[in-house]
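# A look at the structure
So you can see what is in the structure, the chains are spelled out below.
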Amino acid sequence: MYQFVKLAGSNLERTFLAVKPDGVQRGLVGEIIRRYEAKGFTLVGLKLMQVSRELAEQHYDVHKERPFFSGLVDFITSGAVVAMVWEGDGVVASARKIIGATNPLTSEPGTIRGDYGVSIGRNLIHGSDAPETAQREISLWFKDEELVNWQPSVISWLYE
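Not measured: the values here are computed from a predicted model. Just so you know, the residues in each chain are numbered from 1, in the order the chain's sequence is written. Reporting in this predicted model follows two pLDDT cut-offs: at least 70 for local features of residues, and 80 or more for side-chain atom pairs to be given and counted; totals over whole chains, interfaces and linings ignore these cut-offs and use all residues. The side-chain numbers reported here are obtained from all heavy atoms of the structure, hydrogens and water having been left aside.

Let us now look at the UniProt feature "binding site: ATP" (unreviewed entry) in the protein. UniProt positions are given in the numbering used here, feature names are shortened, and annotations may be inferred rather than shown by experiment. Summarizing the sequence annotation, UniProt attributes the feature "binding site: ATP" (unreviewed entry) to Lys-20, Phe-68, Arg-96, Thr-102, Arg-113 and Asn-123 in the numbering used throughout. Runs of E in the DSSP output that reach at least two residues are strands. Runs of H or I that reach at least four are helices, and both are numbered from the N terminus. For Arg-96, the position within the fold is in helix α5 (residues 91–99). Among the residues examined, Arg-96 registers a relative accessible area of 35% and is labelled partly exposed. The contact definition used throughout considers only heavy atoms, calling two residues in contact when any of these lie within 4.5 Å. Each residue touching Arg-96, except ones within four places of it in the same chain, is listed here: Gly-127, Ser-128 and Asp-129. With respect to the helices and strands, Arg-113 occurs in helix α6 (residues 112–116). Remark: exposure states derive from per-residue accessible area (1.4 Å probe, protein chains only) relative to the maximum for the residue type, with buried under 20%, exposed over 50%, and partly exposed in between. Judged by relative accessible area, which is 5%, Arg-113 ranks as buried.

This next bit is on the pattern of salt bridges. Here, a salt bridge means any side-chain nitrogen of Lys or Arg that lies within 4 Å of a carboxyl oxygen of Asp or Glu. Per the stated rule, a full pass over the model turns up eight salt bridges. Among the ionic pairs, Arg-34 bridges to Glu-31, the shortest N-O distance being 3.0 Å. Of this pair, Arg-34 and Glu-31 both sit in helix α2 (residues 29–39), separated by three residues, roughly a single helical turn. The class for Arg-34 is partly exposed, based on a relative accessible area of 43%. In this structure, Glu-31 and Arg-35 form a salt bridge, with 2.8 Å as the shortest nitrogen-oxygen distance. With Glu-31 and Arg-35 both in helix α2 and four residues apart, the pair spans about one turn of that helix.

Looking now at the nonpolar core. Grouped burial of nonpolar side chains is what soluble globular proteins tend to show. Formed by 22 residues in total, the largest nonpolar core has its most connected members in Ile-32, Tyr-36, Met-84 and Trp-86. Elements supplying a minimum of two residues to this core: β1 (12–19), α2, β3 (80–89) and α5. If we skip the residues at most four places from it in the chain, Tyr-36 touches Leu-17, Phe-41, Trp-86, Ala-95, Ile-98, Ile-99, Ile-112 and Ile-125. Formed by 18 residues, the second largest nonpolar core is a distinct cluster that contains Ala-18, Ala-83, Val-85 and Trp-141. Joining through side-chain atoms within 4.5 Å is the link that ties buried Ala, Val, Leu, Ile, Met, Phe, Trp, Tyr and Cys residues into a set, and such a set is a nonpolar core.

What follows concerns the UniProt feature "domain: Nucleoside diphosphate kinase-like" (unreviewed entry) in the protein. The UniProt feature table records "domain: Nucleoside diphosphate kinase-like" (unreviewed entry) at residues 12–149. With 41% helix and 22% strand, residues 12–149 has its two end C-alpha atoms placed 13 Å apart.

Another aspect to go through is α5. Every buried residue of α5 is listed here: Val-91, Val-92, Ser-94, Ala-95, Ile-98 and Ile-99. Angularly, the buried residues of α5 cover 170° about the axis, an arc narrow enough to put them on a single face. Among the structural elements, β1, α2, β3, α6, β4 (125–127) and α7 (131–141) are those in contact with the buried residues of α5. One or two residues past the end of α5 sits Gly-100, with phi positive at roughly 95°. Working note: the arc is built from the helix axis to C-beta atom directions.

Okay, here's the thing in structure tokens:
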């Protein structure tokens, strides 16, 4: 597996993001990618896919005892999803801030959900909530050989 190059004082990590079927159908994939690129994060994995029921159930396993579990699985398998892995200093927490609150109606303007979301059941995007969750989700959705280990030439303009 890829080993991160630790920069002095940095918290270089990876996170998993998925543009859900509503975000894909609404043509928001490019806008979502643009926000993370503009922030300075590095895209290291990307694929458009139809999510299998098995993958969906594994992904949402933490919610399997909740009444909304089957609805989550049905929704994520209802259409195309864009799965991504992003790398950067503190990317897990920062990506969650860019996404915004789960409920788009209470999400701040300037966030993805605050700008484009309308209902909690159609909140456009999933993002890992912790580094440990990110590792688990990345390994569910991507094989090691599907991730590209590269460093953008602008990296020296982002980090000391």
